[in-house]
Amino acid sequence: MSGAVGFDLDMTLIDSRPGIRAAYRALTEQTGVHVDADLAVTRLGPPLRAELSQWFPEPDVEQAVTTYRALYPEHAIAPTVPMPGAVAALAAVRESGLRVVVVTSKLGRLAALHLSHLGMEYDELAGDLFAEGKAAALTEHGVRWYVGDHVADMIAARTAGIPGIGVATGPCSAEELAEAGAAHVLPDLTGLPVLLREITVGS
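None of these values were measured; they are calculated from a predicted model.

Student: Describe the side chain of aspartate 153, with residues and values.
Tutor: Its location among the elements puts aspartate 153 in helix α8 (residues 151-160). Of the residues examined, aspartate 153 reaches a relative accessible area of 2% and is grouped as buried. Of note is the side chain of aspartate 153, whose polar atom sits 3.2 Å from the backbone nitrogen of aspartate 149. Setting aside chain neighbours within four positions, we find aspartate 153 in contact with Asp8, Lys134, Tyr146 and Gly148.

Structure (structure tokens):
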């Protein structure tokens, strides 16, 4: 069996809300510009620039992105934890003879810090991609199913011509994921090993 299972990162494999909340608070402290960190972590998924543009004037957004990313390793990595079932899900992919590919809107080097800190092994990582922008990486790395918590992840899968597996652990409901084209929707990753056995039979 060849190919890979692709995963989104934030709120799919990792619960990065505590760390991201801390990073936004550090950004507020450093810049003097208020970012409602509690609100911001309820809508993870889109690129960082989209969130920061809600708080910073347009001419200042790029500098805010740079500052946030500089603060991120110190504040956001340690508080982040795996999502329920994530470690077992990755193990199940490998037991199925498939590779693990992480495709995320987060900057690749920051995503790698999270995965390394949590001991989550992967074969390929592509960062700074969102929605349709993820499709080329999914195709390049031979991803056959893409798992994500956001409707944009289902758009990515559809654009790449592969089934999307939605997990209702982020800002999007099971219904929204299904409406966005998910082939399967799970409450969380704990159900992925069983689903994986079902969908890989005969493949």
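The rest of the description comes next.
Student: Lay out the pattern of salt bridges in plain terms, naming residues and giving numbers.
Tutor: Scanning the model with the defined rule gives ten salt bridges in all. Where aspartate 128 meets arginine 69, a salt bridge forms, and the shortest distance between an N and an O atom there is 4.0 Å. Separated by 59 residues along the polypeptide, aspartate 128 in the loop between β5 (124-126) and α7 (135-140) and arginine 69 in helix α4 (residues 61-76) bring together distant segments of the chain. Aspartate 128 gets classed as partly exposed once you look at its relative accessible area, which sits at 39%.

Student: Talk me through the sheet that holds strand β7 (residues 164-167); I want residue IDs and the actual numbers.
Tutor: Across the sheet, which stays open at both edges, the six strands sit in the order β5-β4-β1-β6-β7-β8 with parallel pairing between neighbours. Each edge of the sheet is formed by a strand with only one pairing partner; in this case those strands are β5 and β8 (184-186). Averaged over all pairs of adjacent strands, the angle between strand axes in this sheet comes to 20°, irrespective of strand direction. Note that strand β1 (residues 4-7) and strand β6 (residues 143-148) share four bridges and pair parallel. The residue of β6 that forms the bridge with glycine 6 is tyrosine 146. α8 rests against β6 and β7 of the sheet, and its axis sits at about 170° to β6.

Scoring rules and cut-offs
Residues numbered from 1 in each chain as written. Predicted model: local features only at pLDDT ≥ 70, side-chain atom pairs only at ≥ 80, totals over all residues. Heavy atoms only, no water. Helix = DSSP H or I, 4+ residues; strand = E, 2+ residues; numbered from the N terminus. Buried < 20%, exposed > 50% of the residue type's maximum accessible area, 1.4 Å probe, protein only. Polar contact = N/O pair within 3.5 Å; in protein donor to acceptor, adjacent residues only side chain to side chain. Contact = heavy atoms within 4.5 Å. Salt bridge = Lys/Arg side-chain N within 4 Å of Asp/Glu carboxyl O. Pairing = 2+ DSSP bridges. Axes fitted to C-alpha atoms, helices over the stretch in contact; angles between N-to-C directions.

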